[in-house]
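Below are the chains, spelled out letter by letter.
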Amino acid sequence: PNQMKEVIEKLKDDTQYYGEFGKQFLSNSDIGTLLKNPKEFGLPQDDNVNFHKGRYFHQLILEPEKAEGTKFVDVSSRNTKAYKEQATNGIIMLEKEGQEIRDCVQAMMEILPFFEGIRQAGNEYEVPAIADIKGMKWKGKADIVCTDKLIDLKTTGSISDFKWSARKYNYDSQCYIYQQLFGKPLVFYVVDKTSKQLGIFRPSKEFVERGEQKVIQAIEIHRKFFGENPTYDINEYYVEETL
């Protein structure tokens, strides 16, 4: 138990969680890579503006002190000279993108069921956990751990399409993994970036079972190419399907 405590303490630090130390565990973000293109497994992810937006959204609600350090460039687009002069190492959010996210946060926190769910007494934020799932070591970091459930905060391009995007972005496997890690059901609190419409999405049994199937598939692929005794060379990977 002490060793586990030490690992979890370490994983509270984002640099450890996303860095070399955290790579000994599989996480939900690996599911997409393993199922779509295992050749990219373990490679550093390209920086993109959606990561920045997502992180800023979470920080504003869960870790506002971190959000204060976010840089913005007040220009019309990334093609401008002013932007290129400032963004010499990586992507910086545009001021209008930052405002869009601040508006999303405001929309969410103004509605009582959302505010109460997020700010409930006893809630813990950004909580890491590790567990053995189907013979592999997994990690996860829950946005909000409540007494009876987990809350995961999401922004979406279209709330009416969230049911489909939840499948596409592997929120089903996230549900399954997090329920294994924390022993509590996961509920999504969602805001539409365009309309600012809100939604609370509760996973069905079928949704979670579909997530479990993705986990099983991803583990099979991992063992085949990256396990202790891989049976295939990843460079020989190709897709084979019936149309």
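Cut-offs applied
Residues numbered from 1 in each chain as written. Predicted model: local features only at pLDDT ≥ 70, side-chain atom pairs only at ≥ 80, totals over all residues. Heavy atoms only, no water. Buried < 20%, exposed > 50% of the residue type's maximum accessible area, 1.4 Å probe, protein only. Helix = DSSP H or I, 4+ residues; strand = E, 2+ residues; numbered from the N terminus. Salt bridge = Lys/Arg side-chain N within 4 Å of Asp/Glu carboxyl O. 1 Å grid on protein atoms, 1.4 Å probe; cavity = no way out; pocket = protein on both sides within 12 Å on 5 of 7 lines; lining within 4 Å. Points joined across faces, edges and corners; volume = space filled by probe spheres on them. Nonpolar A, V, L, I, M, F, W, Y, C, P; charged D, E, K, R; others polar.

Engineer: Looking at this structure, I do not really get unusual backbone geometry. What am I missing?
Structural biologist: In terms of backbone geometry, most residues other than glycine have negative phi values and most peptide bonds are trans. For N170, which is not glycine, the phi dihedral falls at a positive 60°. For N170, a relative accessible area of 11% puts it in the buried group. Although it is not a glycine, K196 adopts a positive phi angle of roughly 65°. Among the secondary structure elements, K196 is positioned in the loop between β6 (186-192) and β7 (198-201). For K196, a relative accessible area of 23% corresponds to the partly exposed category.

Engineer: Which parts of the structure should I look at to understand the pattern of salt bridges?
Structural biologist: Between side chains of opposite charge, pairing is possible as soon as their charged atoms come close. Taken as a whole, this structure holds 15 salt bridges when the rule is applied. We note a salt bridge from E97 to R78, for which the minimum N-O separation is 2.7 Å. Here R78 lies in the loop between β1 (72-73) and α6 (81-86) and E97 lies in helix α7 (residues 95-109), a separation of 19 residues in the sequence. When its relative accessible area of 12% is taken as the criterion, E97 is described as buried. A salt bridge links D172 to K214, with the nearest nitrogen and oxygen atoms 3.0 Å apart. With D172 in helix α10 (residues 171-182) and K214 in helix α11 (residues 205-226), the pair connects residues that are 42 residues apart, well separated along the chain. There is no split in this pair, since D172 and K214 are both buried.

Engineer: Before we go on, may I ask you to explain the layout of surface pockets in this structure?
Structural biologist: Taking a probe equal in size to a water molecule and rolling it over the atoms shows the remaining empty space. Estimates place the volume of the second largest pocket at around 430 Å³. Lining the second largest pocket are 16 residues, with K224, F225, Y237, Y238 and V239 positioned closest to its centre. Secondary structure elements with two or more residues in the lining of the second largest pocket: α3 (28-36) and α11. The element contributing the most residues to the lining of the second largest pocket is α11, with 5 residues. A per-class count over the lining of the second largest pocket returns 8 nonpolar, 1 polar and 7 charged.

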